[in-house]
Amino acid sequence: LEGPQTMGRGPAFWVGFCVVLVAACAYPLFSDGYTVGNTVYFFNWVFMALGLSLIWGYGGSLSFGQTAFFGLAGYGYGILTINVGDAYGFTLIATLLAIGVAAAFAALLGYFLFFGRISGVFLGIVTLSVTLVFERFMAQTAGPEWRVGSARLNGFNGMSGMPPLTIPWFGESIVLYPDIELYYVTLGLLVIVYLGLRILVNSRFGNVLVAIRENPERAEMLGYDVRKYQLGAFVIGSSLAGLSGVLYTTWGQYITPSSMGITAAALPVIWVAVGGRSDLTATLAGTLI
């Protein structure tokens, strides 16, 4: 794990990491269910922030479109689960499918952006425009004709009534309401994503991504296809925003267009900028704080 990740290379960091992880695992034992459920809500946003750190902090591409993928995956999960239900652990399949939809849309949008040589402030403007168009479109879907199967989009009021995550277990289902069980599942996902991103940014891919951030012309002259690396980071980061959207939707069992508005679009940028966009650890800590 040695590379562009600047914070946390030595053994002291990993000792501290283990201490924090043990404390996080023990936290529900000393708190009530309501507070633990609210903590899950905070965890849900960290995935999107880590994805933006990869796109912007390491790749140098400022995106205001994270909440578009957040909302797309959230609505996708709601549509799938309201129509099919939660039997046989379908909510887990719906989660993967919803994230896949967000990743596919990110790949399509990113292709036109990066292969069209759109960069700098113009990239931020285009991604913000896409987010606001999506938000405005979903806000006007209040009529009864706006439905996908049994799932009504409900316009500005948002979609509700989708089932929470369920895990099949020996013929029964464990329903993950905003409580201790969901806390541990979300914490486990957060640890996996964080460590996975550390490995990624310290790999050859991460080194090239940082080189592109520092000087894209030089990286291209050295033989790297800058557009492919930027697109790869954009899709990974957008998929993590989609994961945030699904987890948020399952946490509260609702999703509204306001979660993709101008304020929602700006918040991840603020979290990442304040925490430290060029370091995953700083982004994680800063976002939670």
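Quantities reported herein were computed from a predicted structural model and do not represent experimental measurements.

Colleague: When you look at the overall build of the protein chain in this model, what are you seeing that I'm missing?
Modeller: Per the secondary structure count, the protein chain includes 11 helices and six strands. The C-alpha atoms of the protein chain give a radius of gyration of 19 Å, which matches the 19 Å a tight globule of 289 residues would have. Within the protein chain, contacts between residues at least 6 apart in sequence are counted, and of these 78% link residues at least 24 apart. Accessible surface for the protein chain amounts to roughly 13200 Å². Of this, 70% is attributable to carbon and sulfur atoms. If the 12 positive side-chain charges of the protein chain are averaged to one point and the 13 negative ones to another, these points end up 12 Å apart.

Colleague: Would you take a moment to explain helix H10 (residues 262-275) for this structure?
Modeller: Helical geometry note: an α-helix holds 3.6 residues per turn, so side chains three or four residues apart project in the same direction. Spanning 14 residues, H10 covers 21 Å between terminal C-alpha atoms, matching the ideal 20 Å at 1.5 Å per step. Contacts made by the buried residues of H10 are with helix H2 (33-58), helix H3 (66-84), helix H5 (121-139) and helix H11 (280-288). Phi turns positive, to about 125°, at Gly276, one or two residues after H10.

Colleague: What exactly am I supposed to notice about the nonpolar core here?
Modeller: Across soluble globular proteins, you tend to see nonpolar side chains buried next to one another. Counting residues in hydrophobic clusters, the biggest one holds 72 residues, and the most contacted among them are Leu50 and Met159. Top contributing element to this core by residue count: helix H9 (residues 226-252), with 13 residues. In contact with Leu50, not counting residues within four places along its chain, are Leu190, Val193, Leu197, Leu240, Leu280, Thr283 and Leu284. One finds Ala49, Leu52, Trp56 and Val269 within the second-largest nonpolar core, a separate group that totals five residues.

Colleague: How do you make sense of the environment of Met159 when you look at a structure like this?
Modeller: Structurally, Met159 can be placed in strand S3 (residues 159-160). Along the chain, Met159 and Phe134 lie 25 residues apart, while their C-alpha atoms are 15 Å from each other. Once residues lying within four places of it in the same chain are set aside, the contact partners of Met159 are Tyr75, Gly78, Ile79, Ile82, Ala151, Arg152, Leu153, Asn154, Gln253, Tyr254 and Ile255.

Colleague: Looking at this model, I keep getting lost on the pairing of strand S5 (residues 172-175). Mind explaining?
Modeller: Pairing of strand S4 (residues 166-169) with S5, which is carried by four bridges, proceeds in the antiparallel orientation. Residue pairing in the sheet places Ile167 in a bridge with Ile174 of S5. Hairpin connection from S4 to S5: two residues lie between these consecutive antiparallel strands, with Phe170 at a positive phi of about 50°.

Colleague: Mind showing me how you'd approach the state of the cysteines here?
Modeller: What we call a disulfide is simply a covalent bond connecting the sulfur atoms of a pair of cysteines. Applying the stated criterion to the full structure yields zero disulfides. Of all cysteine sulfurs in the structure, the one in Cys25 sits closest to Cys18, which takes part in no disulfide; the separation is 11 Å.

Colleague: Explanation requested: unusual backbone geometry in the structure shown.
Modeller: It is generally the case that most residues other than glycine have a negative phi and that most peptide bonds are trans. Phi is positive for Arg117, which is not a glycine, with a value near 60°. Along the chain, Arg117 turns up in the loop between helix H4 (90-114) and H5. Its relative accessible area of 47% is what places Arg117 among the partly exposed residues. Phi at Asn154 takes a positive value of approximately 70°, unusual for a residue other than glycine. Counting through the fold element by element, Asn154 comes out in the loop between strand S2 (151-152) and S3. Residue Asn154 is classed as partly exposed on the basis of its relative accessible area, which comes to 24%.

Colleague: Hey, could you run me through the side chain of Thr287 in this one?
Modeller: Looking at the secondary structure, you find Thr287 in helix H11. Residue class for Thr287 comes out buried when judged on its relative accessible area of 12%. Within polar-contact distance, the side chain of Thr287 engages the backbone oxygen of Thr283 at 2.7 Å.

Definitions and cut-offs
- Residues numbered from 1 in each chain as written.
- Predicted model: local features only at pLDDT ≥ 70, side-chain atom pairs only at ≥ 80, totals over all residues.
- Heavy atoms only, no water.
- Helix = DSSP H or I, 4+ residues; strand = E, 2+ residues; numbered from the N terminus.
- Rg over C-alpha atoms; globule rule 2.2 N^0.38 Å.
- Contact = heavy atoms within 4.5 Å.
- Areas by Shrake-Rupley, 256 points an atom, 1.4 Å probe, with all protein chains shown as cover.
- Lys, Arg positive; Asp, Glu negative; His and termini not counted.
- Charge placed at Lys NZ, Arg CZ, Asp CG, Glu CD.
- Expected span 1.5 Å × (residues − 1).
- Core = buried A, V, L, I, M, F, W, Y, C linked by side-chain atoms within 4.5 Å.
- Buried < 20%, exposed > 50% of the residue type's maximum accessible area, 1.4 Å probe, protein only.
- Pairing = 2+ DSSP bridges.
- Disulfide = S-S within 2.5 Å.
- Polar contact = N/O pair within 3.5 Å; in protein donor to acceptor, adjacent residues only side chain to side chain.

Such coordinate-based values are descriptive only and should not be taken to indicate function.
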